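Each chain is listed here by its residues.
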Amino acid sequence: MTRKGKWQLSGKVGQMFTAHFRMNMLLLNEIQHKEGNYTEKRNGSLVTEFLLLGLSENIKIETFLFVFFLVIYVFTLFGNVTLLTACVYDHKLHTPMYFFLGNLSFIDICYSSVTVPNMLRQLLGQKCISFSGCAAQMYAYLLLGCTECVLLAVMAYDRYVAISFPLRYTVIMSKSVCISMAVFCWFSDSLIALLVTILVLRLPLCGHNIIDHFFCEATAFLKISCADTSFIEMVIFSAATYVLVFPSIFTLLSYTRIIITIVRIRSAEGRYKAFSTCTSHLIVVTIFYSTALSMYMKPTSKNSANQDKMVSVFYTVTPPMLNPMIYSLRNKDVKIALLKITQRNIFD
C-alpha cells in the first residue's frame with residue numbers, strides 16, 4: 001500500500017453500510033411508532049416524554065457546570081475536527097495509523113454531540129426529552145461507545161505491528177485489512193446497540209417517567225421499570241464483556257509487547273519518546289475502559305444515581321476531549337499537514 005493511497009470504502013462496502021444503516025433506522029422507527037405499547041402504565045396512561053434530572057439541581061452549580069462543559073465541548077469539536085481535516089486532506093497522512101485516528105475523531109465528534117448538548121440544555125432548565133429523542137440518543141451513544149471500545153483495541157494492534165514489524169507493516173496492515181477492521185467495528189457494534197436499545201425500550205414503565213441521569217442511559221432506564229430486568233442486565237453484561245473486557249485485554253497485551261520491543265531499542269532518546277507516547281495512549285485507554293467497566297460490569301442495583309452520573313461523565317466527555325491532543329496534535333506530521341492546509345486556504 002502506498003502512502004498516497006486514498007482511504008475510501010469501496011462501492012460494495014459502502015452499499016452494505018448504507019443498507020445496514022437503513023435497516024437499523026427502520027427498526028428504531030418501528031420502536032418509536034409503537035411507543036405506547038412499550039411504555040404503557042398500569043393505569044392505562046402513556047409515557048410520551050421523560051424528565052432528565054441532569055447533573056445538579058443547584059442553580060449556582062448549574063451555571064458553573066454549563067460554562068465548564070461548554071468549554072470542553074467546544075475544545076472537543078475543535079480538536080477532533082482539526083485532526084479529521086488533516087487526516088482527510090493531506091495525502092501523506094493516508095496511512096493505516098491516521099486512517100484509524102480519523103475514524104476515532106469522527107466517533108468522538110458524534111459521541112460528545114449525542115450527550116453534551118442535551119446536558120447543556122438541562123443546565124439551562126430544559127430537562128424534558130421525547131420518547132423518540134430518548135430512543136435515538138440511547139441507540140446512538142451505545143453504537144458510538146461500543147465502536148470506540150473496539151476501535152481502540154484495533155489501534156493498539158496497529159501500533160504493535162508498526163513498532164514490532166516495521167518492515168512488514170504495510171503488508172500486514174494493507175488497505176483492505178484496515179477497511180475490513182473498520183467495517184467490522186461499525187457493523188458488529190451497531191447490532192449490539194440495536195439489540196440493547198430494543199430490549200430496554202420494551203420494558204413497561206409502571207412508576208414514573210423521571211430518569212435520574214443527564215442522558216437516556218440504558219442502566220438508568222432499567223431503574224424506572226417495574227418489570228424483572230435480570231435478563232436484560234445479563235444481555236448488557238454479555239455485551240460489555242465483548243466490547244469492553246476482550247478489547248481491554250487485547251489492548252493491554254498489545255502495549256505489553258510494544259513496551260518489550262521498546263526496551264530493546266539502543267537509543268535512550270528513542271526509548272524515551274516511545275515510552276512517552278505509549279504512556280499517553282494508555283492514560284486515555286485506562287480512563288475510558290476502567291470507567292465503562294465499572295459502569296456495566298456490575299449489577300445495576302449496586303450503582304447509585306450520583307455515582308453513575310459521575311462515571312458517565314468520565315467516559316462520555318473526557319476521552320473525546322483528550323484523544324486529539326494525546327494521539328496526534330502533538331505529532332510532527334499532523335502539524336505539518338495543518339500548516340499546509342492553512343497556507344493553501346490563505347493563498348486561495
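This report concerns the structure included in the present document.

Cut-offs used in this document
- Residues numbered from 1 in each chain as written.
- Predicted model: local features only at pLDDT ≥ 70, side-chain atom pairs only at ≥ 80, totals over all residues.
- Heavy atoms only, no water.
- Disulfide = S-S within 2.5 Å.
- Helix = DSSP H or I, 4+ residues; strand = E, 2+ residues; numbered from the N terminus.
- Buried < 20%, exposed > 50% of the residue type's maximum accessible area, 1.4 Å probe, protein only.
- Expected span 1.5 Å × (residues − 1).
- Bend = angle between axes of the 7 residues up to and from the residue.
- Salt bridge = Lys/Arg side-chain N within 4 Å of Asp/Glu carboxyl O.
- Phe/Tyr/Trp six-rings, centres within 6.5 Å; stacked < 30°, edge-to-face > 60°.
- Axes fitted to C-alpha atoms, helices over the stretch in contact; angles between N-to-C directions.
- Parallel < 35°, antiparallel > 145°, perpendicular 65-115°, else oblique.
- Left-handed = near helix turned anticlockwise from the far one by under 90°.
- Contact = heavy atoms within 4.5 Å.
- Nonpolar A, V, L, I, M, F, W, Y, C, P; charged D, E, K, R; others polar.

1. Let's talk about the state of the cysteines
Using the criterion set out here, one finds 1 disulfide in the structure. Each disulfide pairs two cysteine sulfurs, and for Cys 134 the partner residue is Cys 216, the sulfurs being separated by 2.0 Å. Across the disulfide from Cys 134 to Cys 216, rotation about the S-S bond amounts to roughly -125 degrees, and the bridge is consequently left-handed. Of this pair, Cys 134 sits in helix H5 (residues 131-164) while Cys 216 sits in the loop between strand S3 (210-211) and helix H8 (218-222); the two residues are 82 residues apart in sequence, bridging distant segments of the chain. Take Cys 134 and Cys 216: they sit in the same class, and that class is buried. Between Cys 149, a free cysteine, and Cys 146, which holds the nearest cysteine sulfur, the sulfur-to-sulfur gap is 6.1 Å. The buried category is assigned to Cys 149, whose relative accessible area is 4%.

2. Things to note about helix H9 (residues 230-263)
Counting along an α-helix, one turn takes 3.6 residues, and residues three or four places apart therefore face a common direction. Between its first and last C-alpha atoms H9 spans 47 Å; for 34 residues at 1.5 Å apiece the expected length is 50 Å, and the two agree. Where H9 bends most, at Thr 241, the angle is about 40 degrees.

3. As for the pattern of salt bridges
Enumeration over the complete set of coordinates arrives at 3 salt bridges. In this structure, the salt-bridge partner of Lys 127 is Glu 62, at a minimum N-O distance of 3.4 Å. Here Lys 127 is found in the loop between helix H4 (96-123) and strand S2 (128-130), whereas its partner Glu 62 is found in helix H3 (residues 59-89), with 65 residues between them in sequence. For the pair formed by Lys 127 and Glu 62, the shared burial category is buried.

4. Topic: the packing of aromatic side chains
Within this structure, the stated rule accounts for 12 aromatic pairs. With a centroid separation of 6.1 Å and an interplanar angle of 40 degrees, the aromatic rings of Tyr 157 and Phe 250 are classed as tilted. Residue Tyr 157 is located in helix H5, and its partner Phe 250 is located in helix H9; the two are separated by 93 residues in the primary sequence. Residue Phe 250 is classed as partly exposed on the basis of its relative accessible area, which comes to 37%.

5. As for the packing of H4 against helix H7 (residues 175-201)
It is the contact of H4 with H7, at a shortest axis distance of 10 Å, that shows an interaxial angle of 20 degrees. By the angle between their directions, the pair H4 and H7 is classed as roughly parallel. Viewed along their axes, H4 and H7 form a crossing whose handedness is right-handed. Contacts between H4 and H7 involve Pro 96, Phe 99, Phe 100, Asn 103, Phe 106 and Ile 107 from the former and Cys 178, Ile 179, Met 181, Ala 182 and Trp 186 from the latter. Looking at the contact of H4 with H7 residue by residue, the classes come out as 10 nonpolar, 1 polar and no charged.

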